[in-house]
Amino acid sequence: MTNYLVVTAMGTDRPGLVSRLARLASDCDCDIVDSRMALFGNEFTLIMMISGSWPAITKIETMLPSLSVELELMTVMKRTSKHVPKNYVSRVEVSISGEDQRGTMKTITQFLAERSLDLAAVRSHADDNEGLQTQSIFLAINIPDKVDLAKLETSIYQLAEEMNLECSIKLMQGTSSSQ
């Protein structure tokens, strides 16, 4: 039986961090099923899902803390199960941009939560363009069959307009989630 572990690591960015974490997974007879890495300021962040036998997952859980100390990383581990994708009628990809405003992400995510919509992906970025702080947000939203897609699109455009932001929406038909 395959077991799964999610590992999150964060620390000062420097060469070789991903290699050392990947080597640990391999040395413990585990596979990296999925991973995401990003830099925030000077901080390296990594999230990865690892699979392996019960003894292999236990071994990585035992060895990761000492490697974390050596690499000066903060790490968190949590056992999980294999993701079972839900079937959705479609996925909507929303791009929002404009002048940076405090609370934009709170307002948008609250809007989605109030409608019980499933976020498949979120990316946001702020820039300084010649003294003007701008923001760009990308959302991938899984749409169940009970949602009136036309009404949702109208509501999203209306929300963006109320916030003085530009918005574009792209419909992806027949999508199943693969988070």
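Each remark here, short or long, concerns the structure printed above.
It should be emphasised that the depicted structure is a prediction, and the values quoted were computed from it without experimental measurement. (Residues numbered from 1 in each chain as written. Predicted model: local features only at pLDDT ≥ 70, side-chain atom pairs only at ≥ 80, totals over all residues. Heavy atoms only, no water.)

(A) Broad picture of the overall build of the protein. Tallying secondary structure elements over the protein gives 4 helices and 8 strands in all. Its helices and strands taken in sequence order, the protein reads β-α-β-β-α-β-β-α-β-β-α-β from the N to the C terminus. Relative to the compact-globule value of 16 Å for 179 residues, the protein shows a C-alpha radius of gyration of 20 Å, a clear excess of over 25%. With the C-alpha coordinates of the protein rotated into their principal frame, the extents come out at 50 × 45 × 20 Å. (Helix = DSSP H or I, 4+ residues; strand = E, 2+ residues; numbered from the N terminus. Rg over C-alpha atoms; globule rule 2.2 N^0.38 Å.)

(B) Examining the pattern of salt bridges more closely. Enumeration over the complete set of coordinates arrives at 4 salt bridges. The salt bridge involving Arg20 is made with Glu70; its shortest N-O contact spans 2.7 Å. Taken as a pair, Arg20 in helix 1 (residues 17–27) and Glu70 in helix 2 (residues 54–71) lie far apart in primary sequence, 50 residues in all. (Salt bridge = Lys/Arg side-chain N within 4 Å of Asp/Glu carboxyl O.)

(C) Structural context of helix 3 (residues 104–114). Burial in helix 3 covers these residues: Thr104, Ile108, Phe111 and Leu112. Each buried residue of helix 3 lies within a common arc of 95 degrees when the element is viewed along its axis, so the set occupies one face. Those residues of helix 3 that are exposed and aimed more than 90 degrees away from the buried face are Lys106, Ala113 and Glu114. Residues of helix 3 that are buried sit in contact with strand 5 (90–99), strand 6 (118–129), strand 7 (132–143) and helix 4 (149–162). One or two residues past the end of helix 3 sits Ser116, with phi positive at roughly 55 degrees. (Buried < 20%, exposed > 50% of the residue type's maximum accessible area, 1.4 Å probe, protein only. Arc of directions from axis to C-beta. Contact = heavy atoms within 4.5 Å.)

Structural measurements only, silent on function.
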